[in-house]
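Spelled out, the chains give:
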Amino acid sequence: MPMNLDLTIALQRVIELLAFYLILSDMDDNDLKESLTRLVVTKQRNLYGNVVLLIMYPLAMTFFISYVITIPSNGYLIDTILRPFVAYFLLRRVFDIRKALVAHTLSFVIMLPVSALNLLIPLNVTVSFIVILIFIASMLSQNYFKLIYLYLSKQEWLLNIACFISLMIYAILLLAGFSVTMAIILLVLFLLSSLYLHNRNRLKTSEIIHRIDQATSDNLFSVLKKLSHDHLESEVILQYTIENNNSNKIVPVLSNKLEIHKESGTIRNYECLANRWQIKINVIL
């Protein structure tokens, strides 16, 4: 297969992965500028290599599609199954199966008008992908994906329907490309991997809450030190940083423990500053 065709396939894979990443990023409350900036620069710890991954994964998938798998369309389907996981790795967030499924549904819905446009104005495949990416970027600039997900989240039945539609799309695509047995195996592997990654953070959050809740007045700060990714301790102030995507569940338990210390006179004051992915704790002795 000619190398220029390989590079064209790689470019298409990059565009599709970037589009999926942008949808997830908007759901995670990042605007367009922040979403694109996070691919190159980030202040968070251990977040690097996004650009390398954004390029190397599509190249590896292109090699797989072109030279390993005998039926290229099956390679595209495997890429479709893997894309949510890779996009979440780019986002550097804990895998959320419902957001991943909704993002898949939205990306599929966005493809429909472009496909319809192709019936009127035949477009090159790469051009079609670029049009989809531009459309997604314009929607992200208005935070439409975030608003859609928030709306679905308030209507549990709608969110479940969106997730079910996504699973049906995966199932139909796989059944159309593979044998029934292989399609079922791939779909089950996708679900098991998604549920495992989804629940891993929930268990981690539960462990953090349990350790803080069980901490005594004598070892609370040593527990916080062990849970922290970064910490600073002096005779005047203690600072800890706990990274977790469920900070809203941890803060109440943590604040209650610190309030007990404040009332007992062990500490003078404290503050817990939480955002989507971390808690910064400042304690004045």
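The written sequence of each chain sets the order in which its residues are numbered from 1. In keeping with the predicted nature of the model, local features appear solely for residues at pLDDT of at least 70, side-chain atom pairs appear and are counted solely at 80 or more, and the whole-chain, interface and lining totals rest on all residues. Hydrogens and water molecules were not included; the side-chain quantities draw on all heavy atoms of the structure.

Caption draft 1: The overall build of the protein, seen in detail. We count a stretch as a helix when DSSP gives it H or I for four or more residues in a row; a strand needs E for two or more, and each element gets its number in order from the N terminus. Summing up its helical and strand segments, the protein has eleven helices and four strands in all. Counting only C-alpha atoms, the protein reaches 75 × 35 × 35 Å along its principal axes. Whether a residue is buried, partly exposed or exposed follows from its accessible area with a 1.4 Å probe, protein chains only, as a fraction of its type maximum: under 20%, in between, or over 50%, in that order. Burial statistics for the protein: of 285 residues in total, 44% are counted as buried. In what follows, a contact means two residues having at least one pair of non-hydrogen atoms within 4.5 Å. Taking as baseline every contact in the protein between residues at least 6 positions apart, the subset at least 24 positions apart corresponds to 67%. Per-residue and other accessible areas were derived by the Shrake-Rupley procedure at a 1.4 Å probe size, with only the shown protein chains allowed to occlude residues. If you sum the accessible surface of the protein, you get close to 15,400 Å²; carbon and sulfur atoms cover 65% of it.

Caption draft 2: Summary view of the sheet that holds strand β2 (residues 237-243). Spatially, four strands are ordered β1-β2-β4-β3 in an open sheet, and the strand pairing comes out antiparallel. Each edge of the sheet is formed by a strand with only one pairing partner; in this case those strands are β1 (230-233) and β3 (269-274). Pairs of neighbouring strands in the sheet enclose a mean axial angle of 10 degrees, with direction left out of account. Two strands pair when backbone bridges link them, and β2 and strand β4 (residues 278-284) are joined in this way by seven bridges, in the antiparallel orientation. What sits directly across from I242, in β4, is I279. Every angle, taken between N-to-C directions, lies between 0 and 180 degrees, and every axis is a line fitted to C-alpha atoms, over only the stretch in contact when it is a helix. Its contacts with the sheet put helix α10 (residues 220-227) on β1, β2 and β4, and the angle it makes with β2 is roughly 45 degrees. Whether two strands pair comes down to DSSP finding at least two bridges between them.

Caption draft 3: Region of the structure containing a nonpolar patch on the surface. Together, L7, V40, V51, V52, I55, M56 and L59 make up an exposed nonpolar region whose accessible area comes to about 630 Å². Tallying contributions element by element places helix α3 (residues 50-68) first for the nonpolar patch, with five residues. One can find V40 in the loop between α2 (32-38) and α3. Think of a patch as exposed residues, more than 30% relative accessible area, with no salt bridge, where like charges cluster within 9 Å and nonpolar side chains (Val, Leu, Ile, Met, Phe, Trp, Tyr) cluster within 5 Å. We define a salt bridge as a contact between a side-chain nitrogen of Lys or Arg and a carboxyl oxygen of Asp or Glu at a distance within 4 Å.

Caption draft 4: Here's a closer look at the pairing of β1. Across four bridges, β1 lies against β2 in antiparallel orientation. Considered in β2, the bridge of L232 is made with Q239. Taken together, β1 and the strand that follows it, β2, pair antiparallel across an intervening segment of three residues.

Caption draft 5: Here's a closer look at helix α11 (residues 247-264). In this scheme, a helix's expected span is set at 1.5 Å multiplied by one less than its residue total. With 18 residues, α11 should cover 26 Å at 1.5 Å per step; its first-to-last C-alpha distance of 26 Å lies within 8% of that length. For α11, the full list of buried residues reads S247, I250, V251, L254, S255, K257, L258 and H261. Tucked inside the fold, the buried residues of α11 contact α9 (180-214), α10, β3 and β4. G265 sits one or two positions beyond α11 and adopts a positive phi of about 85 degrees.

Caption draft 6: Seen up close, the pattern of salt bridges. Counted under the stated rule, the structure contains eight salt bridges. One salt bridge in this structure joins K146 and D29, with 2.7 Å as the shortest N-O distance. Note that K146 is positioned in helix α7 (residues 144-154) and D29 in the loop between α1 (3-27) and α2, a separation of 117 residues in sequence. Residue class for K146 comes out partly exposed when judged on its relative accessible area of 23%. Residue class for D29 comes out partly exposed when judged on its relative accessible area of 33%. Notably, a salt bridge pairs E156 with R98, separated by 2.8 Å at the nearest N-O pair. With E156 in helix α8 (residues 156-177) and R98 in helix α5 (residues 97-120), the pair connects residues that are 58 residues apart, well separated along the chain. Accessibility expressed as a relative area gives 41% for E156, which makes it partly exposed.

Caption draft 7: Fine view of the nonpolar core. Core analysis: the biggest nonpolar cluster contains 54 residues, and Y21, V102, I136, F145 and L174 have the highest contact counts within it. For this core, the secondary structure elements donating two or more residues are α1, α3, α4 (72-91), α5, α6 (125-141), α7, α8 and α9. Here this core gets eleven residues from one element, more than from any other, and that element is α1. Those residues in contact with F145 that sit more than four places away from it in its chain are I23, D26, M27, L106, I110, I136, M139 and L140. What is meant by a nonpolar core is a set of buried Ala, Val, Leu, Ile, Met, Phe, Trp, Tyr and Cys residues, joined one to another through side-chain atoms within 4.5 Å.

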